[in-house]
There are 2 protein chains.
Amino acid sequence: MERIKPHTLSGFMELLPQPQLQMEAIMRTLRETYSRYGFTPLDTPAIEAADVLLAKGGGETEKQIYRFQKGDSDLALRFDLTVPLAKYVALHYGELAFPFRRYQIGKVYRGERAQRGRFREFYQADIDIIGDGRLSIANEAEIPSIIYTIFSSLGLKRFRIRVNNRKILTGFYAMMGLSEQSGEIMRTVDKLDKVGAEKLRLMLAEDCGLTDAQADEILRFIAITGSNEQVLAALEPYRGRDETFDRGLDELTQVVRLLGAFGVPEDHFSVDLTIARGLDYYTGTVYETTLLDHPEVGSVCSGGRYDNLAGYYTDRELPGVGISIGLTRLFYVLSEQNMLNEAYCAAPADVLIVPMTEDLAPAVRLATRLRGADIRTQLYTEQKKFKAKIQYADKLGIPYVIFLGEDELLSGQVSLKDLRSGEQRALSPEEAAGIIRSDMAARAGGTILR
Amino acid sequence: MERIKPHTLSGFMELLPQPQLQMEAIMRTLRETYSRYGFTPLDTPAIEAADVLLAKGGGETEKQIYRFQKGDSDLALRFDLTVPLAKYVALHYGELAFPFRRYQIGKVYRGERAQRGRFREFYQADIDIIGDGRLSIANEAEIPSIIYTIFSSLGLKRFRIRVNNRKILTGFYAMMGLSEQSGEIMRTVDKLDKVGAEKLRLMLAEDCGLTDAQADEILRFIAITGSNEQVLAALEPYRGRDETFDRGLDELTQVVRLLGAFGVPEDHFSVDLTIARGLDYYTGTVYETTLLDHPEVGSVCSGGRYDNLAGYYTDRELPGVGISIGLTRLFYVLSEQNMLNEAYCAAPADVLIVPMTEDLAPAVRLATRLRGADIRTQLYTEQKKFKAKIQYADKLGIPYVIFLGEDELLSGQVSLKDLRSGEQRALSPEEAAGIIRSDMAARAGGTILR
């Protein structure tokens, strides 16, 4: 037979079993958290009609899109989960209840230049709350509490959710008579972390054509820091000069006040006036989430409030607020930074049963019983040397092996070996199950991240 | 703004929230069952290099494949999960422990002619056990026990797993000197259910060129029915004439004997000598699963034992056994047959909190508390009429609403309304949580299918 060399395309993540088990544990945490907040799961096709997917106009992404013909159809793979959501809500509007709260964890496709840590196929995990005409500000405060719960549940401690409000920025630049240049200014200000204040002042003057006085005022504004209460207090003197600014400050104040009730500790959350988010369509609260020990990674969960989800499909006003986690990239980063906890749930089974008799029925009955008790059980029935059987369990990280030989069958007991301690004991099947289950509970008490 | 009419491609399933919740519940059951049997999850890319995906040669499927260029690359969307598994095992051979037990639930793509109940994008849910050179027969008995557990867990009662062994068929046709025509004969015999015995006799004579005596012998053979023990006993007289047949009968006998130990009741399982499975590569036990009340649906879970998973990638012998559920089609059928239990888990939340005061903080604190107690909680903070709020909960099927007004805040109580009975009571938050939780437990005790 002619052989083809098997390979996986570059830019496509394909995990070995152990990291895949960890990835699944992260996805399970996301699904459970989103559900606890009352979000409904959605699953839209990965392929859409190209005209539907590109209705908004592609811009930068258009070149990256996987687009192809099949028969007479012009098709494309989705490049995010937001456009499919817009399509879904516009298409099924009459059958949905609003506010419509959905989560979706799905693969998206971008044919970017391949490079380490960049993926062409990657999971996004999105939540959005879509209003019909209006949407209460409380939703904008709820979003950071979901981010907080997710990262805390994963076991992460050192992270911070940074929050701003686009109306404050828009209003501030309007006060200064700089509305037209505000987009360019915000993109420049976004580089503050990278270039520092002095370089930023130069860029504002040279690239954006601002006077020294204007550049100074912007630098003073974005230098407002401190506790959330301090930042809010420092913004109060700007009140009364621009309606949009005042509305933004009201919203930000409400979001900050509600966050305590949502259970988000102050040290995991900060108002940060430099955050703008690149996308043009955010109009209210915006979010970024940074790992305090790995700022170089950038934001691992971002989003914000927008006024018009589906303007290119419908004339209904559909305001919303949402966030997205780039799950494949996040997993890559956590893995690279050695932050995954190997002791947590990285084995495919809790116990391996090794029959030592010709007749397999007793071992099979024991496996059936343990599985009935929700213990993940593998049977090893291959004819191999004893050592190979133990090595199999070892390689998979299965913590326990049960041997079932003539002696055990006669005595009605099983031999339970703890592969970590090496200890082996003769026990009744119930006792063995009890030990395995309490060990499972102890491991489940850990977290996915160190 | 120019508007594009939103639509979803035909042949692509896109569910509304309630059925999607039911689909997710089915997927969760599959994941949990596969895990209990010690299978490890796998997730391979949906896109592969076309030469890798088509290494085996496409045959019938080749025309249906979504294949396209991106830059210089010739790419294709996977059309099943078996070829990607073969690639994975050949590629990562040195890093895997054998037998390698994996499950994968993922979307596959076939550009078939669109027709009701046929999908171009659909989920397959596959499990396979791959051996390194050899694989014990016990694995072939374990597979039906997994099928049994899955369908039972979903709440299905009237189904039957039909089992045969290809070696018995191959050996039987060898005894008759019909090895060369055996493929064609098996394909013809496969039509027995549709055409009946008399028509089949004609087809065997005319299409396969058999003598009347040969056709009669085949009809006598496939007419062997009865209890599993009866069928096995009726096969014994054929022993000693063909080695392959004898091996097949030994295997089938072992599979039947072990099934009791695996906990599969005799009435859910039958030896059926007419089952052959179309694919050429099955070499041992083969499986089909039929819904007793809907035989017209055909097999909802099929598979079998094969000797050579990845011959087109590697010269290693990788025998295996596996089954596949066409999940999207199964869901479509269950839904069409009205078999989904609406009372089970079809709401996105267990309770809706409706604040009746300007200050949202007390309602937010209550929501945080309930979510902390694993109760799926939505907050309704939109400014709508009272009736609209109740209608929202009703439309989503959320069973409870909690009202929090001035009175409740003063008394430290909440008003809990059961939307099904209409009953409303003033309770402490703990009492309300207790009622919601016991109701959740009662609903979870139900099954996904009626």
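Scoring rules and cut-offs
Residues numbered from 1 in each chain as written. Chains lettered and ligands numbered in written order. Predicted model: local features only at pLDDT ≥ 70, side-chain atom pairs only at ≥ 80, totals over all residues. Buried ≥ 20, exposed ≤ 12 C-beta atoms within 10 Å, placed from the backbone. Helix = DSSP H or I, 4+ residues; strand = E, 2+ residues; numbered from the N terminus. Pairing = 2+ DSSP bridges. Least-squares fit on C-alpha atoms with pLDDT ≥ 70 in both. Contact = placed C-beta atoms within 7 Å. Axes fitted to C-alpha atoms, helices over the stretch in contact; angles between N-to-C directions. Core = buried A, V, L, I, M, F, W, Y, C linked by C-beta atoms within 7 Å. Expected span 1.5 Å × (residues − 1). Nonpolar A, V, L, I, M, F, W, Y, C, P; charged D, E, K, R; others polar. pLDDT = per-residue confidence, 0-100. Domains from an automatic or database assignment. Parallel < 35°, antiparallel > 145°, perpendicular 65-115°, else oblique. Left-handed = near helix turned anticlockwise from the far one by under 90°.

## A look at the pairing of strand β11 (residues 320-326) of chain A
All names here are of chain A.
Moving on, step 1. By the criterion of burial, β11 is predominantly enclosed, with 7 of the 7 residues buried.
Moving on, step 2. Going residue by residue along β11, you find Gly 320, Gly 322, Ser 324 and Gly 326 tucked away on one face and Val 321, Ile 323 and Ile 325 tucked away on the opposite face as well.
Moving on, step 3. Relative to β11, strand β6 (residues 121-130) runs antiparallel, the two sharing 7 bridges. Along β11, the bridge assignment pairs Ala 125 with Ile 325.
Moving on, step 4. The sheet contact formed by strand β10 (residues 302-306) and β11 spans 5 bridges and is antiparallel.

## Focus on the pairing of strand β9 (residues 282-291) of chain A
Residue and element names in this part refer to chain A.
Moving on, step 1. The buried count for β9 comes to 9 of 10 residues, which makes it a mostly enclosed element.
Moving on, step 2. Across 7 bridges, strand β7 (residues 159-165) lies against β9 in antiparallel orientation. Looking at the pairing, Val 163 lines up with Tyr 287 of β9.
Moving on, step 3. The sheet contact formed by β9 and β10 spans 3 bridges and is antiparallel. Bridge pairing in β10 links Tyr 282 to Tyr 306.

## Digging into the relation of the copies chain B and chain A
Moving on, step 1. With an RMSD of 0.0 Å, the fit of chain B onto chain A corresponds to turning through 180° and sliding 0.0 Å along the axis. Seen this way, the second copy is the image of the first under a two-fold rotation axis. Ranked by how close their C-alpha atoms come to the rotation axis, the residues of chain B are headed by Phe 68 of chain B, at 3.0 Å.
Moving on, step 2. Mapped onto chain A, 100% of the interface residues of chain B are again interface residues, and the two copies thus contact each other with one and the same surface.

## Side note on the sheet that holds strand β15 (residues 414-418) of chain B
Residues and elements named next belong to chain B.
Moving on, step 1. If you trace the 5 strands from one edge of the open sheet to the other, you get β13-β12-β14-β15-β16, paired in mixed fashion. With one partner strand each, in any of the chains shown, β13 (377-379) and β16 (424-427) form the two edges of the open sheet. Strand-to-strand twist of the sheet, defined as the mean angle between neighbouring strand axes without regard to direction, takes the value 25°.
Moving on, step 2. Sheet analysis places β15 next to β16, joined by 4 bridges and oriented antiparallel.

## Let's talk about the nonpolar core
In a soluble, globular protein the nonpolar side chains are often hidden away together inside.
Moving on, step 1. Ile 353 and Ile 402 of chain A together with Ile 353 and Ile 402 of chain B are the most contacted members of the largest nonpolar core, which has 264 residues in total.
Moving on, step 2. Every residue in contact with Ile 353 of chain B, bar those within four places of it in the chain, is listed here: Ala 363, Leu 366, Ala 367, Thr 377, Leu 379, Tyr 380, Ile 402 and Leu 404 of chain B.

## Observations regarding helix α4 (residues 138-154) of chain B
Residues and elements named next belong to chain B.
Moving on, step 1. Taking 1.5 Å per residue, 17 residues should reach 24 Å; α4 reaches 25 Å between its end C-alpha atoms and fits that length.
Moving on, step 2. With 15 of 17 residues buried, α4 is to be regarded as a mostly interior element.
Moving on, step 3. Gly 155, located one to two residues past α4, shows a positive phi value of around 105°.

## A closer look at the interface of chain B and chain A
Moving on, step 1. Facing 77 residues of chain B, the contacting portion of chain A comprises 77 residues.
Moving on, step 2. It is helix α1 (residues 17-36) of chain B that provides the largest number of residues to the side of chain B that touches chain A, a total of 6 residues.
Moving on, step 3. Looking at the side of chain B that touches chain A residue by residue, the classes come out as 39 nonpolar, 17 polar and 21 charged.

## So, the environment of Thr 289 of chain B
Residue and element names in this part refer to chain B.
Moving on, step 1. You can see Thr 289 is positioned in strand β9 (residues 282-291).
Moving on, step 2. Sequence separation between Thr 289 and Asp 350 is 61 residues; the distance between their C-alpha atoms is 35 Å.
Moving on, step 3. Among all residues touching Thr 289, those that are not within four sequence positions of it are Ile 147, Phe 159, Ile 161, Ser 299, Val 300, Cys 301 and Ser 302.

## Overview of the confidence of the model for chain A
Moving on, step 1. Residues of chain A with pLDDT of at least 70 account for 99%, and the chain-wide mean is 94.
Moving on, step 2. For this predicted complex, the interface confidence comes out at an ipTM of 0.95, alongside a pTM of 0.96.

## Re the sheet that holds strand β2 (residues 47-49) of chain B
Residues and elements named next belong to chain B.
Moving on, step 1. Taken together, 3 strands build an open sheet; the order of strands is β2-β4-β3 and the sheet is antiparallel. What marks the edges here is a single partner per strand, and that holds for β2 and β3 (67-70). In this sheet, neighbouring strand axes are inclined to one another by 40° on average, regardless of whether the strands run parallel or antiparallel.

## Here we look at the domain arrangement of chain A
Moving on, step 1. Under the domain assignment used here, chain A contains domain 1 (17-336) and domain 2 (351-444).
Moving on, step 2. Between domain 1 of chain A and domain 2 of chain A, the C-alpha centre-to-centre distance is 49 Å.

## With respect to the packing of helix α4 (residues 138-154) of chain A against helix α11 (residues 243-261) of chain A
All names here are of chain A.
Moving on, step 1. The interhelical angle for the contact between α4 and α11, taken along N-to-C directions, is 45°, at an axis separation of 9 Å. What the angle tells us is that α4 and α11 run oblique. As for the relative orientation of α4 and α11, their crossing is right-handed in sense. Contact residues: α4 offers Ala 138, Glu 140, Ala 141, Pro 144 and Ser 145, while α11 offers Glu 251, Gln 254, Val 255, Leu 258 and Leu 259.
Moving on, step 2. Looking at the contact of α4 with α11 residue by residue, the class counts come to 6 nonpolar, 2 polar and 2 charged.

## Focus: the environment of Asp 216 of chain A
Residue and element names in this part refer to chain A.
Moving on, step 1. Here Asp 216 is to be found in helix α9 (residues 212-222).
Moving on, step 2. Using a count of 13 C-beta atoms within 10 Å as the deciding quantity, one classes Asp 216 as partly exposed.
Moving on, step 3. As a C-alpha pair, Asp 216 and Leu 9 span 207 residues in sequence and 50 Å in three-dimensional space.

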